[in-house]
Amino acid sequence: MTTDDTAGGLPPIDDELAGRLSAARQVAALTGAGVSAASGIPTFRGPGGHWRGRDPMTLATPQGFAADPKLVWDWYAWRRELIDAASPNPAHQALAALEERLGPERFTLITQNVDGLHRRAGSSHILELHGAITRAKCAVECGRRWDWTLPLDEIPPRCECGNLARPAVVWFGEMLDMDVIHQAQQAAATADLLLVAGTSAVVEPAASLPLVTRHAGGLVIEVNPEETPLSALVDLRVAGPADELLPELIEMVGTAVG
Ligand code: BV8
Ligand code: ZN
């Protein structure tokens, strides 16, 4: 594993890694809340992550919603306001450029984020593991799903069937869409290179995807200013903000994989 021993900028890439990079055909990326930090969206576990002293881990659960649907919708409306006012940052743009360069058959973007900023940056081949904040669905699963916008005319909003509506995102303790997680596991298993950016690598099943790549013999590169449980396992750790370092890394990767 090459360590990052340079301040700012990419760490040195040894010949073995450079050789494996240039042989890479299939590329994937896994992103978390950290790639949206530079767009002004608080992370979950960072300093600005908690909301009015409430822990997102209690709000983003079926129990939290059942206990207080208005509070949970207030939280999502607050996040939605930030997201609507936000713009994609260079990290989102670099990943969109990589898809443009390699094409969707060679590059898959897997995100834990529900903010939609990858799509707004131009990415299209995206696996949104945890859903999208812009979508709502019936809380009793009558089958209706729809896009919602601010301002909500009532909080909590209702489904046309009369029952409560809820954000169409995956909460803690809820299953992910089986098709989406299967595609993500496939992409991780067939990736010659997986870029992991902006995630604390603690939330499952997303956190296991880099291990799938490594187990299948692929390269894993992590971009994060902080160490994570993944840091000791990756082939290259790029210590710093994704909005600054991901464009440089993707430029190097794009050139190497051709
Ligand atoms: C499931 C959608 C299976 C909602 C989210 C005990 C009890 C209950 C459940 C569990 C349990 N133990 C384990 C579980 C499973 C649980 C889990 O993993 N819990 C963890 C916390 C231990 N997982 C689940 O429940 C999943 N479902 O397992 O179902 C099942 C089986 C049987 C029966 C039923 C179910 C569902 C998980 C999905 C939860 N939903 N979001 C919403 O967003 O509103 S997850 C939530 O966390 C967000 O999606 C977020 O993206 C995600 C992960 O966090 P990160 O993205 O990594 O963000 P974080 O703030 O943590 O870290 C930011 C990182 O960025 C940091 O490392 C920081 O250093 C870095 N950073 C900061 N600035 C920058 C930067 N990096 C780069 N550049 C910068 N500028
Ligand atoms: Zn309904």
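Coordinates for the structure precede this section.
The present account deals with the structure reproduced in this document. (Residues numbered from 1 in each chain as written. Chains lettered and ligands numbered in written order. Predicted model: local features only at pLDDT ≥ 70, side-chain atom pairs only at ≥ 80, totals over all residues. Heavy atoms only, no water.)

## Some words on the coordination of the zinc ion (ligand 2)
Bound to the zinc ion (ligand 2) are the protein donor atoms Cys138 (SG), Cys142 (SG), Cys159 (SG) and Cys161 (SG), situated 2.3 Å from the metal. As a motif over one chain, the donors of the zinc ion (ligand 2) read C-x3-C-x16-C-x1-C. Of the two residues, Cys142 sits in the loop between strand S4 (131-138) and strand S5 (145-147) while Cys159 sits in the loop between S5 and strand S6 (165-169), which places them 17 residues apart along the sequence. Relative accessible area serves as the criterion here: at 37%, Cys142 is assigned to the partly exposed category. (Donors = N, O, S within 2.8 Å, 3.2 Å for Na, K, Ca; no water. Helix = DSSP H or I, 4+ residues; strand = E, 2+ residues; numbered from the N terminus. Buried < 20%, exposed > 50% of the residue type's maximum accessible area, 1.4 Å probe, protein only.)

## So, the site of ligand 1
Near ligand 1 you find 34 residues, and of these Arg45, Tyr76, Arg79, Gly173 and Ser200 are the closest. With respect to ligand 1, the side chain of Ser200 contributes an N or O atom lying 2.6 Å from an oxygen atom. Computed on the free molecule, ligand 1 has an accessible area of 1,500 Å², of which 73% lies beneath the protein chains in the complex. Broken down by class, the residue content of the shell around ligand 1 amounts to 17 nonpolar, 11 polar and six charged. (Near = heavy atom within 4 Å. Polar contact = N/O pair within 3.5 Å; in protein donor to acceptor, adjacent residues only side chain to side chain. Areas by Shrake-Rupley, 256 points an atom, 1.4 Å probe, with all protein chains shown as cover. Nonpolar A, V, L, I, M, F, W, Y, C, P; charged D, E, K, R; others polar.)

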